[in-house]
Amino acid sequence: MIKNPVTRQIKDNDGELIRAINDGKIDKFQDLVKRYEHRLYNFGLKMCGNVQDAEDMVQDTFLNVFRYLKDFRYETKFKNWMYRIATSTCIKKRRKSKFAPDRELSLEEFLPKDESEFNTELPFWAAQPLDKLLNAELAGHLKNAVVDLPEKYRVVFVLRDIEGFSTVETAEILNLSAANIKVRLHRARLFLRDQLKEYFKDE
Amino acid sequence: MNNEPHDHEKCLKLFRKLSEYIDRELDDASCREVEHHICQCEPCQACLETLKKTIELCKNMDDQPVPAAFSSKLRGLIRSVT
């Protein structure tokens, strides 16, 4: 039996606000909405692919956060806990509207079959600065490509590369191993790279 | 660039590790192995650079503003439960 359990000290920018809400200052929940509605809405857009589902996800997430906030144990960052709820809300929503099982992305489909398929020259787009490349058309193409990712890869990609969570945090949010997160992220990025290669192939 | 014979199997092995290399999540030995190979293999350099540019482009996609009507509705809903 552990006599003196060590409490994990988590540096959490939201800790003070969450404690205030849980101590009875419920009106401060609006501050939480203000702080996160933009991020959650954009997370929802990339995960769900349309405005209506993104709005529903944000609303359901905040309602669930409000409902379960008393159970938050301060053992993880609040933001990570909230994204766990948001992720689960997205996945439930998509399962209701789409019954097709997720496609697996195997590494082999991105591997050059033999040496002749290896490009030796750097494509022009990979050498261009971002401001020369990014325009509305490419952004639209990329957003569609993200939505086309099978869900299990998309959620890892969005959490890691768009929302900026670390591998360990993403593993915690999705209740997966860090190794699994790395595998899925790599395949998601390769999928998106192929979409970009296709987009630029005639230029 | 040197003139060592090209080892395609090595390319395939490193292909699996490129994201971890970019994210600086490889141990020192694996990292050195990737760097040693990359500096003498043009196809792998192209592979690495296209993957890095893909990530960079995705990270710099613009966010969308929250629709004002939805934001107002959400605040009203939260007011009604708090």
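Keep in mind that what you see is a predicted model, and the values were worked out from it rather than measured.

Here we come to the overall build of chain A. For chain A, the count of helices and strands is ten helices and zero strands. In chain A, the succession of helices and strands from N to C terminus is α-α-α-α-α-α-α-α-α-α. Out of the 203 residues belonging to chain A, those deemed buried represent 49%. Long-range pairs, those at least 24 residues apart, make up 71% of the contacts in chain A between residues at least 6 apart in sequence.

For chain B, the count of helices and strands is five helices and zero strands. Helices (α) and strands (β) of chain B occur, in sequence order from the N terminus, as α-α-α-α-α. Each of the 82 residues in chain B was classed as buried or not, and the buried ones make up 43%. Considering only residue pairs separated by 6 or more positions, chain B has 56% of its internal contacts joining residues 24 or more positions apart. A total accessible area of about 4,600 Å² is found for chain B, and carbon and sulfur atoms account for 47% of it.

Attention shifts here to the side chain of R193 of chain A. Along the chain, R193 of chain A turns up in helix α10 (residues 178–200). Despite its burial, R193 of chain A pairs with no opposite charge, the nearest such side chain being D194 of chain A at 4.4 Å. Within the local environment of R193 of chain A, its side chain forms a polar contact with the side chain of T50 of chain B, the two groups lying 2.9 Å apart.

Turning to the pattern of salt bridges, a few remarks are in order. Under the defined criterion, the tally for this structure stands at 22 salt bridges over all chains. In this structure, the salt-bridge partner of K77 of chain A is E169 of chain A, at a minimum N-O distance of 3.7 Å. Of this pair, K77 of chain A sits in the loop between α3 (51–68) and α4 (78–97) while E169 of chain A sits in helix α9 (residues 167–174), and the two are 92 residues apart along the sequence. Looking at K77 of chain A, the relative accessible area reads 34%, which means it is partly exposed. Among the ionic pairs, D161 of chain A bridges to R189 of chain A, the shortest N-O distance being 2.8 Å. You can see D161 of chain A sitting in helix α8 (residues 151–162) and its partner R189 of chain A sitting in helix α10, a full 28 residues away along the chain. On the basis of relative accessible area, R189 of chain A is assigned to the buried category, the value being 0%. The network of salt bridges with shared partners includes R160, D161 and R189 of chain A together with D23 and E25 of chain B.

Rules of the game
- Once a new chain begins, its residue numbering starts again from 1 and follows that chain's sequence as written.
- Chain letters start at A and ligand numbers start at 1, both assigned in the order the entries are written.
- Totals for whole chains, interfaces and linings use every residue, but because this is a predicted model, local features are given only for residues with pLDDT of at least 70 and side-chain atom pairs only at 80 or more, for both listing and counting.
- Think of the side-chain values as coming from all heavy atoms in the structure, minus any hydrogens and water.
- A run of H or I in DSSP counts as a helix once it spans at least four residues, and a run of E counts as a strand once it spans at least two, with each numbered from the N terminus.
- Throughout this description, buried means an accessible area under 20% of the type-specific maximum (1.4 Å probe, protein chains only), exposed means over 50%, and partly exposed covers the range between.
- The contact definition used throughout considers only heavy atoms, calling two residues in contact when any of these lie within 4.5 Å.
- Here the open area of atoms and residues is found with the Shrake-Rupley method and a 1.4 Å probe, where only the protein chains shown may cover a residue.
- Counted as positive: Lys and Arg. Counted as negative: Asp and Glu. His and the chain ends are not counted at all.
- Note on definitions: salt bridges are taken to be side-chain nitrogens of Lys or Arg within 4 Å of carboxyl oxygens of Asp or Glu.
- A 3.5 Å cut-off defines polar contacts: any pair of N or O atoms within that distance qualifies, except that in protein one atom must be a possible hydrogen donor and the other a possible acceptor, and neighbouring residues in sequence count only when both atoms are side-chain atoms.

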